[in-house]
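Coordinate analysis (summary)
Spelled out from the first residue to the last, the chains are:
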Amino acid sequence: GSMAGVSFSGHRLELLAAYEEVIREESAADWALYTYEDGSDDLKLAASGEGGLQELSGHFENQKVMYGFCSVKDSQAALPKYVLINWVGEDVPDARKCACASHVAKVAEFFQGVDVIVNASSVEDIDAGAIGQRLSN
């Protein structure tokens, strides 16, 4: 494998369109989920929706490395905060885990405005309450 790391070029417009929908105030979408094209380091859109962290949590897959970008609106806060969930499924081979470990920073850079990164390998790791605490600190 090349050392180039994660690539955004293959599906750039699709990646950004879904991200824009999440950050646009007028849009109902509040999450987008990204994963890799099979057998490659090309990121693609896997799903998106309007049901927040809870809905997003239901889309993670045990055998994949995925990135969930989610807008979280606190009742007290005027503006939403943005969470990036770095999902590494429990069934992902170790070699793949290692290869993707360096991608997170690049992903967070590509989708600007990430307030907090949550590392998760099971749905229990995605705790809305704990994430809310981290965002308000």
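Right above here is the structure, for reference.
Please read all numbers here as calculations on a predicted model, not as lab measurements.

What follows deals with the nonpolar core. Tyr34, Leu43, Tyr67 and Phe111 are the most contacted members of the largest nonpolar core, which totals 23 residues. Listing elements by their share of this core, those giving two or more residues are helix H1 (12–23), strand E1 (31–36), strand E3 (65–72), strand E4 (81–88) and helix H4 (103–110). For Phe111, the residues in contact, after removing those within four places along its chain, are Leu15, Tyr19, Tyr34, Leu43 and Phe69. In this structure, Ala47, Val72, Val83 and Ile131 belong to the second largest nonpolar core, which totals 18 residues.

When we look at a pair of aromatic rings, we describe it by the centre distance and by the angle of the planes. Counted by the stated rule, this structure contains nine aromatic pairs. Centre to centre, the rings of Tyr19 and Phe69 are 5.1 Å apart; their planes meet at 50°, and the pair counts as tilted. With Tyr19 in helix H1 and Phe69 in strand E3, the pair connects residues that are 50 residues apart, well separated along the chain. Its relative accessible area of 8% is what places Tyr19 among the buried residues. Centre to centre, the rings of Phe69 and Tyr82 are 5.5 Å apart; their planes meet at 10°, and the pair counts as stacked. Of this pair, Phe69 sits in strand E3 while Tyr82 sits in strand E4, placing them 13 residues apart in sequence. Exposure remark for Phe69: the relative accessible area of 0% places this residue in the buried category. Over the face of the ring belonging to Tyr36 we find Arg96, whose NZ or CZ atom lies 4.6 Å from the ring centre.

What counts, and where the lines are drawn
Residues numbered from 1 in each chain as written. Predicted model: local features only at pLDDT ≥ 70, side-chain atom pairs only at ≥ 80, totals over all residues. Heavy atoms only, no water. Core = buried A, V, L, I, M, F, W, Y, C linked by side-chain atoms within 4.5 Å. Buried < 20%, exposed > 50% of the residue type's maximum accessible area, 1.4 Å probe, protein only. Helix = DSSP H or I, 4+ residues; strand = E, 2+ residues; numbered from the N terminus. Contact = heavy atoms within 4.5 Å. Phe/Tyr/Trp six-rings, centres within 6.5 Å; stacked < 30°, edge-to-face > 60°. Lys NZ or Arg CZ within 6 Å of the ring centre and 35° of its normal.

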